[in-house]
Amino acid sequence: MGRYINWDDLISRYPKLATKGGAGAVDSSFIQATEYQIDGMLTGIFTVPFSDNNVTIKDLCIELCNVRMTSDYVKNGDKIKKTFMDRIERIRNGSEAMMTSSGDVMYSSGDIIFSTTQDRGSLFDVGTCSANVNSYMCL
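Described in the following lines is the structure provided in the data block. (Residues numbered from 1 in each chain as written. Predicted model: local features only at pLDDT ≥ 70, side-chain atom pairs only at ≥ 80, totals over all residues. Heavy atoms only, no water.)

### As for helix H3 (residues 55-70)
Phase 1 of the analysis: In this model H3 runs 23 Å from its N-terminal to its C-terminal C-alpha over 16 residues, within 8% of the 22 Å that 1.5 Å per residue would give.
Phase 2 of the analysis: Turning to H3, its buried residues are Thr 56, Ile 57, Asp 59, Leu 60, Cys 61, Ile 62, Leu 64, Cys 65, Asn 66, Val 67, Met 69 and Thr 70.
Phase 3 of the analysis: Put simply, Asn 54 is the residue that caps the front of H3, since its side-chain oxygen is 3.1 Å from the backbone nitrogen of Thr 56. (Helix = DSSP H or I, 4+ residues; strand = E, 2+ residues; numbered from the N terminus. Expected span 1.5 Å × (residues − 1). Buried < 20%, exposed > 50% of the residue type's maximum accessible area, 1.4 Å probe, protein only. Polar contact = N/O pair within 3.5 Å; in protein donor to acceptor, adjacent residues only side chain to side chain.)

### Some thoughts on helix H4 (residues 77-93)
Phase 1 of the analysis: When the terminal C-alpha atoms of H4 are compared, their 25 Å separation across 17 residues agrees well with the 24 Å that a helix rising 1.5 Å per residue should span.
Phase 2 of the analysis: Three or more residues of H4 are buried, namely Gly 77, Phe 84, Arg 87, Ile 88 and Ile 91. Here the buried residues of H4 occupy an arc of 100 degrees about the axis, which is enough to place them on one side. Exposed residues lying more than 90 degrees from the buried face of H4 are Asp 78, Lys 79 and Lys 82.
Phase 3 of the analysis: Trailing H4 by a residue or two, Gly 94 shows a phi angle of about 90 degrees, which is positive. (Arc of directions from axis to C-beta.)

### Some details on the side chain of Arg 87
Phase 1 of the analysis: By the secondary structure assignment, Arg 87 is in helix H4.
Phase 2 of the analysis: Setting aside anything within four residues of it in sequence, one finds Arg 87 in contact with Thr 56, Asp 59, Leu 60 and Glu 96. (Contact = heavy atoms within 4.5 Å.)

### Concerning the packing of H3 against H4
Phase 1 of the analysis: Viewed as axis vectors pointing N to C, H3 and H4 meet at an angle of 155 degrees, and their least axial separation amounts to 10 Å. Classed by the angle they form, the pair H3 and H4 counts as roughly antiparallel. Both H3 and H4 take part in a crossing whose hand is left-handed. Along its contact with H3, which presents Thr 56, Asp 59, Leu 60, Glu 63, Leu 64, Asn 66 and Val 67, the element H4 presents Ile 80, Lys 81, Phe 84, Arg 87, Ile 88 and Ile 91. (Axes fitted to C-alpha atoms, helices over the stretch in contact; angles between N-to-C directions. Parallel < 35°, antiparallel > 145°, perpendicular 65-115°, else oblique. Left-handed = near helix turned anticlockwise from the far one by under 90°.)

### Some thoughts on the nonpolar core
Phase 1 of the analysis: Core analysis: the biggest nonpolar cluster contains 25 residues, and Leu 10, Ile 38, Leu 42, Ile 57, Leu 60 and Phe 84 have the highest contact counts within it.
Phase 2 of the analysis: Those elements that place two or more of their residues in this core are helix H1 (7-13), helix H2 (23-42), H3 and H4.
Phase 3 of the analysis: A per-element tally of this core places H3 first, with eight residues.
Phase 4 of the analysis: The contact partners of Ile 57, leaving out residues within four places of it in the chain, are Tyr 4, Ile 38, Leu 42, Phe 50 and Met 98. (Core = buried A, V, L, I, M, F, W, Y, C linked by side-chain atoms within 4.5 Å.)

### Overview of unusual backbone geometry
Phase 1 of the analysis: Pro 49 follows Val 48 through a cis peptide bond whose omega is 0 degrees.
Phase 2 of the analysis: Following the sequence through the fold, Pro 49 ends up in the loop between H2 and H3.

### Examining the packing of aromatic side chains
Phase 1 of the analysis: The final tally for this structure, using the stated rule, is two aromatic pairs.
Phase 2 of the analysis: On the numbers, 6.0 Å between centres and 55 degrees between planes, the contact of Phe 46 with Phe 50 is tilted. The two residues Phe 46 and Phe 50 agree in class, both being buried. (Phe/Tyr/Trp six-rings, centres within 6.5 Å; stacked < 30°, edge-to-face > 60°.)

Below, the structure is given as structure tokens:
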């Protein structure tokens with residue numbers, strides 16, 4: 001079972017992919033590799049691995065699985081690949097945001113990552129460490 005998606009996520013969107021093998025075969029051959037590829041494509045812009053509430057990552061993994069499993073066999077495979085890669089580029093350059101299941105927005109602007117919760121203060125700093133925790137915990 002993958003970190004971001006599973007067999008049911010994949011075949012719910014693309015039922016024809018069920019003909020490519022069972023859940024175990026697709027998971028080990030495609031889902032895990034796809035998740036690592038997505039992490040690799042977005043590392044440096046975002047911190048990976050992503051949380052399991054990132055619906056954009058889930059969507060990207062499903063789409064990339066479809067690309068990897070079908071693009072060499074379907075008539076418009078090159079168009080499917082290009083559409084996917086264009087979306088990755090939009091996310092990387094900050095013109096498309098990522099969304100979480102709670103509606104929070106995460107987007108990149110060049111090398112900086114922004115979040116709708118970025119202005120919330122930290123729970124941990126030097127002041128809280130010395131005041132609220134035994135001193136050996138602050139080392």
